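Coordinates in review
Chain by chain, the residues run as shown.
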Amino acid sequence: MTIRTGTVARRRALFDEAAEIIEREYARQIELDDVARRLATSRRQLQRAFAEAGATSFRTHVAKVRMRRALELLREGSLPVRDVANSVGYRQPAQFAKTFRRHHGAPPSSFRGARPGTPGGSVPLHSV
């Protein structure tokens, strides 16, 4: 089944607008239904936009943005892991650590103060 050009363009626009909201608001609770309402679309249409235009899901995209920012904060080295977790939208440091480890392949503490190309900074980054 072929998707019409207008539909593809609309889904790309929805994905781009939702991604902008996530980039701005990743530190607070972000719900698919809320973003869909703000973009004047349905939950299902937004899910399709993420699947087709972003090749991901809403939840995965939110986690990716949060994990990218968490890595930046950890490399700066000034905040405890629990504060980094809180600042990127996680209420539970243990859940943050589990997600971080799954996403980056190592625990958050291993990235503390690390820069790319330095010891601790060359740990492989998955899905960054």
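Residues numbered from 1 in each chain as written. Predicted model: local features only at pLDDT ≥ 70, side-chain atom pairs only at ≥ 80, totals over all residues. Heavy atoms only, no water.

Quick word on the packing of helix 1 (residues 5-25) against helix 3 (residues 43-53)
Axes are the key here: two packed helices are described by the angle between their axes and the distance separating the axes. For clarity, the threshold we go by: Fitted lines through C-alpha atoms give the axes, limited to the stretch in contact for helices. The angle between two N-to-C directions lies from 0 to 180 degrees. Helical segments are the DSSP runs of H or I of at least four residues, strand segments are the runs of E of at least two, and each set is numbered from the N terminus. Reported orientations rely on four angle classes, namely roughly parallel under 35 degrees, roughly antiparallel over 145, roughly perpendicular from 65 to 115, and oblique for the rest. Note on definitions: a residue-residue contact is assigned when non-hydrogen atoms from the two residues lie within 4.5 Å. Residue polarity is assigned by list, with Asp, Glu, Lys and Arg as charged and Ala, Val, Leu, Ile, Met, Phe, Trp, Tyr, Cys and Pro as nonpolar; anything else, Gly included, falls into the polar class.
Taken N-terminus to C-terminus, the directions of helix 1 and helix 3 make an angle of 95°; their axes are 8 Å apart at the nearest point. Viewed along their axes, helix 1 and helix 3 adopt a mutual orientation that is roughly perpendicular. Each of Arg11, Arg12, Leu14, Phe15, Ala18 and Ile22 in helix 1 lies in contact with helix 3, whose residues at this interface are Gln45, Leu46, Arg48, Ala49, Phe50, Glu52 and Ala53. In terms of residue class, the contact of helix 1 with helix 3 is built from eight nonpolar, one polar and four charged.

As for the layout of surface pockets
As a reminder, the rule being used: Lining residues are defined by having an atom within 4 Å of a point belonging to a cavity or pocket. Those points lie on a 1 Å grid over the protein atoms alone, cavities being sets where a 1.4 Å probe fits but cannot get out and pockets being open sets with protein on both sides within 12 Å along at least five of seven lines. Grid points are joined across faces, edges and corners, and a volume is the space filled by probe spheres set on the points.
In this structure, the largest pocket occupies an estimated 670 Å³ of space. Around the largest pocket sit 24 residues that line it, and Arg59, Val62, Ala63, Arg66 and Tyr90 are the ones nearest its centre. Those elements that place two or more of their residues in the lining of the largest pocket are helix 2 (32-38), helix 3, helix 4 (58-76) and helix 6 (93-104). Among the residues making up the lining of the largest pocket, the classes are represented as seven nonpolar, eight polar and nine charged.

Some words on helix 3
Selection rule: Three exposure classes are used, based on accessible area relative to the maximum for each residue type with a 1.4 Å probe and protein chains only: buried under 20%, partly exposed in between, and exposed over 50%. Comment: arc refers to directions from the helix axis out to C-beta atoms.
All of the buried residues along helix 3 are Leu46, Ala49, Phe50 and Ala53. Along the long axis of helix 3, the arc covered by the buried residues comes to 105°, so they all point the same way. Residues of helix 3 that are buried make contact with helix 1, helix 2 and helix 4. A positive backbone phi angle near 50° is found at alanine 55, which sits one or two residues after helix 3.

Here's the deal with the packing of helix 4 against helix 6
The contact between helix 4 and helix 6 brings their axes to 10 Å, and the two run at 95°. Comparing the axis directions of helix 4 and helix 6 gives the class roughly perpendicular. Contacts from Lys64, Met67, Ala70, Leu71 and Leu74 of helix 4 reach helix 6 at Phe96, Thr99, Phe100, His103 and His104. Residues that form the contact of helix 4 with helix 6 fall into these classes: six nonpolar, three polar and one charged.

What to know about the pattern of salt bridges
For clarity, the threshold we go by: Whenever Lys or Arg places a side-chain nitrogen within 4 Å of a carboxyl oxygen from Asp or Glu, that contact is recorded as a salt bridge.
Scanning all chains against the criterion turns up ten salt bridges. The salt bridge involving glutamate 25 is made with arginine 28; its shortest N-O contact spans 2.8 Å. What makes arginine 28 partly exposed here is its relative accessible area of 39%. One salt bridge in this structure joins arginine 69 and glutamate 72, with 3.0 Å as the shortest N-O distance. Of the two residues, arginine 69 and glutamate 72 are both situated in helix 4; the distance of three residues between them amounts to about one turn of the helix.

Considering helix 6
The criterion, for reference: One fewer than the residue count of a helix, multiplied by 1.5 Å, yields its expected span.
Between the first and last C-alpha of helix 6 there are 16 Å, a value that for twelve residues agrees with the 16 Å anticipated at 1.5 Å per step. Residues Phe96, Ala97, Thr99, Phe100, His103 and His104 constitute the buried set of helix 6. The inward-facing, buried residues of helix 6 abut helix 4 and helix 5 (81-87). Looking one or two places after helix 6, you find glycine 105, whose phi comes out positive at around 80°.

These figures come from the coordinates and say nothing about function on their own.
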